[in-house]
Structures are given as C-alpha cells and as structure tokens.
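Overview (structure and organization)
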Amino acid sequence: MAISVVMPALEMAQETGKLISWLKKEGDAVAKGEPLLEIETDKAVMEIESPGDGVLAGIKAEAGTEVPVGRTIAWIVNPGETPPADDIAAASGRKTTIAASSAAISAVETISASSPIQPIKISPKARRLASERGVNLADVRGSGAGGEILASDIFAAAEAKAGASRGNELAREAGERSSVARLMAERTTQSWTTIPHFFVTREADAGALNRARQRFRNEIEESHAAKLTLSDLLIALVARILRKHPRFNASWTSEGIRANDDINIGLAIAVDDGVVAPVIHHADKTELAEIAAQRRDLIERARAGKLRPTDLAGGTFTISNLGMFGVDAFTAIIIPPQAAILAVGAIIDRVVPVNGHPAVRPMMTLTLSVDHRVVDGARAAEFLRDLVEAIGNPQAYLDARAGDFRA
Amino acid sequence: MPENHLPAQNARELTFAQAIREALAEEMRRDSTVCILGEDVAEAGTPFKVLSGLLEEFGRDRVFDTPISEAGFTGLAVGAAMAGMRPVVDIMFGDFVTLTMDQMVNQAAKIYYMSGGAWKVPMVMRTTMGATRRSAAQHSQSLHAWFCHIPGLKVVLPSTPYDAKGLLKAAIRDENPVVFFEDKMMYKLKGLVPADDYTVPLGVADVKREGDDITLIATSSMVQVALGAAVLLEEVGISAEVVDPRTMWPLDEKTLIESVKKTSRAIVLDEGYERYGVTAELAAVIATGAFYDLDAPVKRMGAMHVPIPFSPPLEDATVPTEQTVFEAARALCGR
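Residues numbered from 1 in each chain as written. Chains lettered and ligands numbered in written order. Predicted model: local features only at pLDDT ≥ 70, side-chain atom pairs only at ≥ 80, totals over all residues. Heavy atoms only, no water.

Re the nonpolar core
Basically, it comes down to this: Throughout, nonpolar core names a set of buried Ala, Val, Leu, Ile, Met, Phe, Trp, Tyr and Cys residues whose side chains join them through atoms within 4.5 Å. Per-residue accessibility, obtained with a 1.4 Å probe over protein chains only, is compared with the maximum for each type, and a residue is labelled buried under 20%, exposed over 50%, and partly exposed between these values. Labels follow the DSSP assignment, with helices taken as runs of H or I lasting at least four residues and strands as runs of E lasting at least two, numbered in each case from the N terminus. Domain start and stop points were drawn from an automatic or database domain assignment. In what follows, residue pairs with any heavy atoms lying within 4.5 Å of each other are defined as contacts.
Judged by nonpolar contacts, the single largest core of 84 residues is most densely connected at L24, I36, V63, M123 and F147 of chain B. The leading source of residues in this core is helix α1 (residues 16-30) of chain B, at eight residues. Two domains each donate at least three residues to this core, and these are domain 1 (13-194) and domain 2 (206-332) of chain B. Ignoring sequence-local partners within four residues, the contact set of I36 of chain B consists of L24, M28, V41, L51, L54, R62, V63, F64 and V88 of chain B. Counting residues in each nonpolar core, the second largest holds 61 residues, with V200, V271, I280 and F383 of chain A among its members.

Structure below.
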C-alpha cells in the first residue's frame, strides 16, 4: 500500500515549508527512517525521514518551492506499484511523517507557547500600504488616538525610507533575506520593543580562566576532539551559577514569572545571514569536555545551515561572546522568553590596581542585559559578583562535579 | 442642492411636498391607470397637504379616501396592480406600515416570483418617516429597514425636492412594488425642480457634496444633516464627501465603495433605529468593498434604541444632528 510523504508542520503556526532538496530520486529504493528530503522552517533546515520502506514515487514538489503544510509531496510505494493520483491518504500519511519528528515538535512548541506575539494596532489601509511599500511595521509609531498605525504614518515612514538611498538597498536585501535573517529581525524587534531591558557591567580578571583553558585544552582535544574555548568555560560557569540564581533562568509570561526547570545555555553564533543561538541543554549538569564537543558540533552545523529545531529550542539563558573580534564591551538584546543575556568582551591586558599597586592583568568586561520584569538591579549585581568570582576561581565551581576536570 | 444635478432650464424652486405632488400629477396625466388611495388623501390632501389639488384635477375615481384600514386598502392596491392598475397607496404615518406587512411582504413582494412572471404588482406605497415632529412614539418612527429586508420590494428614500420628483416618477413607472419613504420634516424643504418630465433611476447613488477626508453616507433627511455637518467640518479643515444612496434597494454599492476608497473613512447616517438598521447593511457593504482602504472603523449613526420620546429635548437627543455628526467625524479623522 502506498504511503504518502507530506510536508510536516514542525511549528504550531507554520503554514508552509520550503522544500530545499530531495535526498532521493524518483524510483530510488528507500528504507523507513532514511533521510528523504530537506525542508527549511523559520528556524532551521531539517531532514525529513522516509515514513516507510519502498520506492520513492510520484514526487509532486520541486526543490525550492514553498509547500502548504499537510500537502502530499510524494509517495512511498511497493516496487512496481503506481502512486495514487489523488491526495486521499494525506491525512493518515501526515500523521506518519510527523510522528518521526515529534521530539522536534514538542521542543519547538515550548518556545512558541511562551513567546506571545504582540498584536499591532493598525488600520486595514495602513497595513496594505505598508506591505505595498515595504514598510516594516515594527519601525512605525502609530499616531491614532489609541496608538493605531494609520495610513499617514505609513506614508511618512515610506518617505523617510526613500530619503536614504541606502534604505532602498536594505529594503531590497530584506526582500531576499533568508528565514534566519527574517527570524532575527522579528525576534530582536519583538524583544527590544516589548522587554524593558537594563544593563549591568563588571570587569573580571580572566587570568585564572586563561590558565584553566591552557591546562585542559590538550586533554579535552584528545578525549573529545574539541578545542576548548573561553566560551565553553563561560557556559559551564554560568550554568552552574544559574542554579544559585534561578531568576536569571526564568521567563516572563502573561501569568507572571515562570521558573524554568532546566538550565539550557544558548550561545550566539554569527552565520552568513544573521545570528543564531543554538542551545546546550542541561549545561549545568554537563561536563566541560562534553560542552566543548557539543559547542563545536553546533557551530559547525550552524555555519552549514544544518541546525535542527531541537538545537534552537528551549534556551533559558544566552551568552554572546564578541571577544574574538576584539570588542571591549557591548550590550546584547535578550532572546525572548529568556530573562537575560550575557555579553562578553575581549580579554585585554590592562593596568589595574592589585593590592594597592598598579599591575597588568588580563581583564574582560561582562555586560548583563536583564528583563526588569523578572529581575531587579540588586539581583543582577549579585549574579555578576558571583560570576566574576567564579571566573577568578573556576576550579572551585567545576571541580564540584566529578569528571568536570581534574586539577 | 448643487446646481450640477439639475437641467438648467425650467427649474423652479419647489418644496419637497410640491415636488411629490407634481410627480403624481404628471404621472396621472401621462397614464390613466395611476390612481391614489389612502386615508384623508382626497378633500384633505393628507394632513401634510402633500396631495392638495389632485382630487380637483383627477376626480374621485382616481383619488379616493379609504376607511382606517391599512391592511385592507393595501390588499386592494395589490389586487388592483395585478389587474393592470398602477395604484399609489398613501400610508399617512410610517408607523402604520406594520398593518400592511402581510400584504406587502407575503403578497406584493412574492407574486411576480410565485406566478412565474405571469402577474406583476406595479404599485407604489408612499409613506412617511422621521422624528422631531413631537408626534410621540407611535408617529415618529422610520421603519424602512423592515421593507429593505424583503426580496421583491424596492425601497426609495429621497432627500431633496429634485430627487423626490424624479424618483417618484420612476417608482410609479416601475413594474415592481416600490415603497417610497418621505421624511415628514422635509415637506417644506425647498429646492430647484425642473418642470420637465424627468426621472431619477432607482439604484443610482448621488454624491451630494465632494470631499477628500471622510465620506458621510446618508439617507433621506440625514442627507441634509450630513450637508450641514460638512459645512462645520470644513471650518476645521476636514473635507467631507456626502453620498446619498437614494434607494436602499436596488443599492448602488459601487458609488459608496468608490467614495470610501477615496476618503478612507466613513460614517453611515440614517434615521431608522441604529441597531439592526440599514446603517448596518451599508457599513457592511463598505467594510467588505473598501476594507483595504479603510483607515478607521466604519461608524454608524441612527436613532437610539428606544421608543421615540414625546418630550422635545429627549426626542431631539435620539436622532443624529449636525453637531453629533460633526463631532463623530472629527473623532474619526483624529482632529
């Protein structure tokens, strides 16, 4: 009996999926669970597995096309069998395919459920004009009595945009941007316009951190084939400190503050068309070497555009490190529904007072961006104090876990 | 009334009532099957003196008084129309149309359809509407929405003497039952009316005033209110367009939608009860046809959902006025 292959819904609100490529050709024999095709959602490129054993037949969607969720795009048939002409089996087929990726779905649902979309008040005319003229509604302040965006606001925004020739270029770029870039634009706008950010900065002496890195990099490179980075050490330290500071691992929801059970650390990674923040789950319970290995894998796949929805789901705190670019300090935008993000600057030798005398020390600047609905300034100061202390004495935190590393 | 709606020649200033009378007289001269029946239509010429002089010219056979029996003489008219006459029934106060409902809704509106076109009912029911005459709750209502709801009936609401004459002549010549509502507060309204034989086709709206910022869609006497509000709005820099659909059915949706597409804002004004009234239908037409050009919600203004009070200050508060329309329009335009 023929089994349908349908475009799966990987996210609650997903309406279409983009078919990136077929990994098998028409007429190829396939086994259940074998990768069949690649699709792109808002968040990731994902391989879809064959829902059954047989021969791939009746391919109905070409690579590069957007396909409505639930539509049959091919059939798995017995050798010699012709695929059904109609879409009759689509409903049952859909279940089959989705079951294969149920883990991804549940992880992603967690994210969408806890990041409410802010409705924009806008007149129908203004909405139409905005779409015709390529005006981003997030950039428009409504002038209506209740803050609604009116047609006149769109005209003004379109005019301002046309004023700068660079603006036109950007608009053209935006039109061609990938889902990563689009998601980045949406998420940062949502975050910046809805989360009351505040920022707390501290310098930390990174001497001990550098030493820890020197000490364990060879061992970890041998055991896990991963090069230990400062980011790995920071992920491990932050995750362990978060146990003591559950507020920084919480989320703001419509019902108030929600504590998250797991400590999952996201790491911001620059890719060609924006930034992604794949997650190291249970980072507080993960050995340093394992963190390094996972981090390396995530970066490789992020740069190849091969992250899975599960890689991106469930983050509770994010670290963004621009130290390798020589940045002294910066502020980062919180990734909803997380409550904070840590911006890490470069380790640079500076003259600082040590015991009353000037000394040259490797210093780094840490800037914490915090959602004020969840955490206040005093708690942020305490968190940074503990983090600076941990950076000054990483063994004390990492030794506590057997196998983290041996002194 | 703007000059451009008129043939320049032969126009005289007539009242709304005189325009109605002239339309009836011209049609009765033109077609011997046209006759008038109702309460106090003959010697009295109706309490509003709309029909004065017709008895004298056309005699008792064509202008005849009936007993107080709306259901009966409306049924008589339906039968006469089926038999080849073109009766014009006069229902003195629009509130009394309730008594004619079976004849109009189940007979007049259905016969052409149910007879497969074998019989037609070319009758006109003339009646009144409108509050602020201090006539209390049973003599002040505007019940045209009741007929608008019924397939098979045409409903006309003239707002000027010119339209009243042209629309009534078109209604009399129409092969279908037509209900013709005259606002009793407009009978003395003056305007230029050609002495020529002209008709205003049913189903063609009229832009009474052109504007850019907001469309006031108004019926019957509310057209005059809208024109007054437009003058007030002009003083604060808001350019209001006033559109009169003139007939509720057939309805010139295109003109309404095009006007709102131009202005992006609309208020629908009608003297019937606002709830479930014709304003709802007109607003829905606009919301559907001009949705992507709307910059504000469509606002409806009609009579309050209460029996029309006898107390003059209370009665005046139940219906839209130039001032309330002015304020609503300003709010919609954000000024």
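Having put the structure on the table, let's press on.
A short note on the packing of helix α9 (residues 253-263) of chain B against helix α10 (residues 278-289) of chain B
All names here are of chain B. Rules: Here an axis means a line fitted to C-alpha atoms, over the contact stretch when the element is a helix, while the angle between two N-to-C directions is reported on a 0 to 180 degree scale. Angle categories: roughly parallel below 35 degrees, roughly antiparallel above 145, roughly perpendicular from 65 to 115, and oblique for all the rest. Handedness of a helix crossing follows the sense of rotation of the near helix relative to the far helix, less than a right angle counterclockwise being left-handed and clockwise being right-handed.
The N-to-C vectors of α9 and α10 enclose an angle of 60 degrees; their axes lie 9 Å apart at closest approach. When the axis of α9 is compared with that of α10, the two are oblique. For the element pair α9 and α10, the recorded crossing hand is right-handed. From α9, E253, L256, I257, V260 and K261 reach across to α10, where they touch L282, V285, I286 and G289.

Some thoughts on the confidence of the model for chain A
All names here are of chain A. Spelled out, the test is: A residue's pLDDT is the confidence the predictor assigns to it, expressed on a 0 to 100 scale.
When pLDDT is averaged along chain A, the result is 82, and 84% of the positions lie at 70 or above. The low-confidence segment residues 87-116, where pLDDT is below 50, has 53 contacts with residues more than four positions distant or belonging to other chains. Confidence over residues 400-407 falls short of pLDDT 50; this stretch has 20 contacts with residues more than four positions distant or in other chains.

Overview of the interface of chain B and chain A
Quick note on the threshold: Using a 1.4 Å probe, buried area is obtained as the accessible area two parts lose upon being combined, added over both of them. Within this document, salt bridges are pairs made up of a side-chain nitrogen of Lys or Arg and a carboxyl oxygen of Asp or Glu, the two lying within 4 Å of each other. Whenever a nitrogen or oxygen atom comes within 3.5 Å of another N or O atom, the pair is scored as a polar contact, on the condition that within protein one atom can donate a hydrogen and the other can accept it, and that pairs from neighbouring residues in sequence are kept only if both atoms are in side chains. Following the grouping adopted for this structure description, the nonpolar residues are Ala, Val, Leu, Ile, Met, Phe, Trp, Tyr, Cys and Pro, the charged ones are Asp, Glu, Lys and Arg, and the polar ones are all others, Gly among them.
The partner chain A presents eight residues to the eight residues of chain B that form the contact. Taken over both partners, the interface formed by chain B and chain A buries close to 590 Å², and the fraction arising from carbon and sulfur atoms is 48%. The largest share of the area that chain B buries against chain A comes from Y292, L294 and D295 of chain B, three residues that together contribute 66% of it. Our count for the chain B to chain A interface comes out at one salt bridge. For D293 of chain B, the salt bridge identified is with R128 of chain A, shortest N-O distance 2.6 Å. The interface formed by chain B and chain A contains seven residue pairs in polar contact (both at pLDDT 80 or more). Class assignment for the residues of the side of chain B that touches chain A results in four nonpolar, one polar and three charged.

A closer look at helix α8 (residues 221-235) of chain B
Counting along an α-helix, one turn takes 3.6 residues, and residues three or four places apart therefore face a common direction. Residue and element names in this part refer to chain B. This is how it is decided: Expected helix span is computed as 1.5 Å times (number of residues minus one).
Here α8 contains 15 residues, and its C-alpha end-to-end distance of 22 Å stays within 8% of the 21 Å for a straight helix at 1.5 Å per residue. Within α8 the residues assigned to the buried category are S221, M222, V223, V225, A226, G228, A229, A230 and L233. For α8, the elements touching its buried residues are β7 (178-183), β9 (206-209), β10 (214-218), β11 (240-244), β13 (266-273) and α12 (322-332). Once α8 ends, the next one or two residues include G237, with phi positive near 85 degrees.

Quick word on α12 of chain B
Residue and element names in this part refer to chain B. Along α12, the positions that sit buried rather than exposed are V325, F326, A328, A329 and L332. Packed against the buried residues of α12 are β10, α8, β13 and β14 (299-303). Positive backbone phi, approximately 70 degrees, marks G334, located one or two places after α12.

Section: the sheet that holds strand β5 (residues 45-49) of chain A
All names here are of chain A. For clarity, the threshold we go by: Strand pairing follows a simple DSSP-based rule, namely that at least 2 bridges must link the two strands.
Read across the open sheet, the four strands follow the order β5-β4-β2-β7; overall the sheet is antiparallel. This sheet does not close on itself; its edge strands, each paired only once, are β5 and β7 (66-68). Each neighbouring strand pair of the sheet contributes to a mean axis angle of 45 degrees, computed without reference to strand direction. As defined by bridge partners, strand β2 (residues 16-22) adjoins β7 across three bridges and the pair is classed as antiparallel.

What about the pairing of β7 of chain B?
Residue and element names in this part refer to chain B. Applicable threshold: By definition, the crossover connecting two strands over a helix is right-handed if that path, from the first strand to the second, turns clockwise as seen with the strands pointing away from the viewer.
For β7, the tally of buried residues reaches six of six residues, placing the bulk of the element in the interior. Residue alternation in β7 divides its side chains into two sets, V178, F180 and E182 and V179, F181 and D183, and both sets are buried. Summarising the sheet, strand β5 (residues 124-129) and β7 pair through six bridges and their orientation is parallel. Its bridge partner lying in β7, M125 is registered against V179. Strand direction decides the pairing type here: strand β6 (residues 154-156) and β7, joined by three bridges, are parallel. Opposite V156, over in β7, you have F180 as the bridge partner. Taken together, β6, helix α7 (residues 161-173) and β7 constitute a β-α-β crossover, and its handedness is right-handed.

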